[in-house]
Structure formats: C-alpha cells, structure tokens
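# Structure at a glance
What follows is the residue order along each chain.
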Amino acid sequence: SYTYGDKDHNIKVILLDTRYFANRLEGDILGKTQWDWLRKELESAKTAKLTLISSGIQMMPTQKILQEKWLNFEKSRKKLFKMIRDIGNKNVVFLSGDVQYSE
C-alpha cells in the first residue's frame, strides 16, 4: 500500500494479490494473512480523502460466466464489501483489470 499527499489531502492506494493466496475450494481469494493486512490498511485509511483498492481481476461485475472475477469467490467479495462498511471507509474506488474481451 502507498499513501500520497499530506494529512489533510491524502490518497491511500491498496494493491491486492488475488493469485498467490486464492483457494477455490474454500472460496477465498486473499487468504488469512492478506485479509488481516487489508483490515489494518483500511483502518489506517479511514481519514483518507480517497482510497483506491486495486485488484488484478474484476471486482464489481456480476455477469459473464466465464470471466475471472471476484464473484467467483462470492464469500470473499461479500467479506470485502462488509469490511469496508464496518470500518467506515469513505470514498473508496475499485481499480481492476484482466477482462480480455476487448472491453
């Protein structure tokens, strides 16, 4: 993660690894170590003017069955959204990629 700017005008950038810890059998895309780290990062970002969370695969789409996306790890997707709500982060933007369908 990275923080840019001063305390009154800062941006927190959080980069997630959705490959190394992914476990399809358990439906977990981040693994315990990364979830614990992410919680700490989100807690430290509560006062950020903007929090960018980056993932190598799509986070929001709910369509396209063959597309690799967080919805394939629905438990993790719900956990991520709940964690953001529970911690109280504001102005969160997701950055993702890996569509490969000329979108």
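Here goes a summary of the coordinates provided. (Residues numbered from 1 in each chain as written. Predicted model: local features only at pLDDT ≥ 70, side-chain atom pairs only at ≥ 80, totals over all residues. Heavy atoms only, no water.)

What follows is about helix H1 (residues 31–44). The terminal C-alpha atoms of H1, which comprises 14 residues, lie 20 Å apart, in line with the 20 Å expected from a rise of 1.5 Å per residue. Listing the buried residues of H1 in full gives Gly31, Gln34, Trp35, Leu38, Glu41 and Leu42. On an axial view of H1, the arc spanned by its buried residues comes to 125 degrees, and they lie on one face. Every exposed residue of H1 that faces more than 90 degrees away from the buried side is listed here: Lys32, Thr33 and Lys40. Looking at the buried residues of H1, the elements they touch are strand S2 (11–15), strand S3 (50–55) and helix H2 (74–87). (Helix = DSSP H or I, 4+ residues; strand = E, 2+ residues; numbered from the N terminus. Expected span 1.5 Å × (residues − 1). Buried < 20%, exposed > 50% of the residue type's maximum accessible area, 1.4 Å probe, protein only. Arc of directions from axis to C-beta. Contact = heavy atoms within 4.5 Å.)

Now for the side chain of Glu41. On the secondary structure map, Glu41 appears in helix H1. Among residues more than four places away in sequence, those in contact with Glu41 are Ser1, Lys12 and Ile14.

The grouping of Tyr2, Tyr4, Ile11 and Leu15 at the surface amounts to a nonpolar patch, some 390 Å² of accessible area in total. By relative accessible area, Tyr2 is classed as partly exposed at 45%. (Patch = residues over 30% accessible without salt bridge, like charges linked within 9 Å, V, L, I, M, F, W, Y side chains within 5 Å. Areas by Shrake-Rupley, 256 points an atom, 1.4 Å probe, with all protein chains shown as cover. Salt bridge = Lys/Arg side-chain N within 4 Å of Asp/Glu carboxyl O.)

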